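What follows is each chain in one-letter form.
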Amino acid sequence: MTSRIARRRVTTERHQKQKQKQKLEKQRQDEKGNEKTPGAGPGPLLRLGITVLALAAMVAFGVVLARLTLQPSPASEMLTHDNLRPGDSIRAYLGQPAFRDTVKQLGGNILLGVPFGLLLPVVSPRSRGFVRVALLTVATMLLVELIQGALITGRAFDIDDVLLNTTGALLGYALVGRRMGRAVYPRRRRWWSRRTT
């Protein structure tokens, strides 16, 4: 009888020790998961500062964009016409005799879109991804072109400008913006990936 009681006591003690061991192991894993690993991104204050700077840069870019695209140009009123067919203006730019004018028109429109690709992923982590950057750029540039065509003297709506601006935004995102967005807002590990490690 006493040997049975002793055996039960030993079994219970082993069981309790195993439970304690498992509990300690789980605590260690949780602490390890919560540790800040290298490349885990900046702290909350630094992230806020970077976001505010990116937002200020976006506002400054908006002012520059408005100055470049929404100023009247009465001298060119007779030369301007709307373009709703993709590729028409690009072909006209490429057909210009002066190579410098071609580069200025095509390159200028592409460069005008680059800040979208650089700043959008830093201003908002939800705007990351090629499709989102493209959609936000298209929406913004369509609005600019519609205002140009409807309200600004000597300016016209041109669908090719929207396409070139979006190309610039995607280039900016592919080359730098995606990395910047990931540096400021690193991807969080999912709960199932924590369990498997």
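Residues numbered from 1 in each chain as written. Predicted model: local features only at pLDDT ≥ 70, side-chain atom pairs only at ≥ 80, totals over all residues. Heavy atoms only, no water.

Draft legend 1. Layout of the pattern of salt bridges. Taken as a whole and assessed by the stated rule, the structure comprises 2 salt bridges. Across the pair Asp88 and Arg85 runs a salt bridge whose closest N-O atoms are separated by 3.8 Å. For Asp88, a relative accessible area of 27% translates into the label partly exposed. Notably, a salt bridge pairs Asp88 with Arg91, separated by 2.7 Å at the nearest N-O pair. A residue pair is termed a helical-turn pair when its members lie 3 or 4 positions apart in one helix, as Asp88 and Arg91 do in helix H3 (residues 88–94) at 3 residues. (Salt bridge = Lys/Arg side-chain N within 4 Å of Asp/Glu carboxyl O. Buried < 20%, exposed > 50% of the residue type's maximum accessible area, 1.4 Å probe, protein only. Helix = DSSP H or I, 4+ residues; strand = E, 2+ residues; numbered from the N terminus.)

Draft legend 2. Summary view of the environment of Ser127. Locating Ser127 in the fold gives a position in the loop between helix H4 (99–123) and helix H5 (130–151). Since its relative accessible area comes to 5%, Ser127 is described here as buried. In the structure, Ser127 is positioned 10 residues away from Gly117 in sequence and 9.7 Å away in space, judged by C-alpha atoms. Ignoring sequence-local partners within four residues, the contact set of Ser127 consists of Leu120, Pro121, Arg132, Val133 and Leu136. Within the structure, the side chain of Ser127 is placed 2.7 Å from the backbone oxygen of Leu120, a separation counted as a polar contact. Looking at Ser127, its side chain comes within polar contact range of the main-chain oxygen of Ser124, at 2.7 Å. (Contact = heavy atoms within 4.5 Å. Polar contact = N/O pair within 3.5 Å; in protein donor to acceptor, adjacent residues only side chain to side chain.)

Draft legend 3. Summary view of the packing of aromatic side chains. Tallied over the entire structure, the rule returns 2 aromatic pairs. Seen in terms of ring centroids, Phe61 and Phe116 are 5.2 Å apart; in terms of plane orientation they differ by 90°. Their pairing is edge-to-face. Placement of Phe61 in helix H2 (residues 44–69) and of Phe116 in helix H4 is noted, with a sequence separation of 55 residues between them. With relative accessibility at 11%, the residue Phe61 sits in the buried group. Residue class for Phe116 comes out buried when judged on its relative accessible area of 6%. Taking the centre distance of 5.0 Å and the plane angle of 90° together, the rings of Phe130 and Tyr173 count as edge-to-face. Taken together, the residues Phe130 in helix H5 and Tyr173 in helix H6 (residues 159–184) connect sequence positions 43 residues apart. With a relative accessible area of 38%, Phe130 lands in the partly exposed category. (Phe/Tyr/Trp six-rings, centres within 6.5 Å; stacked < 30°, edge-to-face > 60°.)

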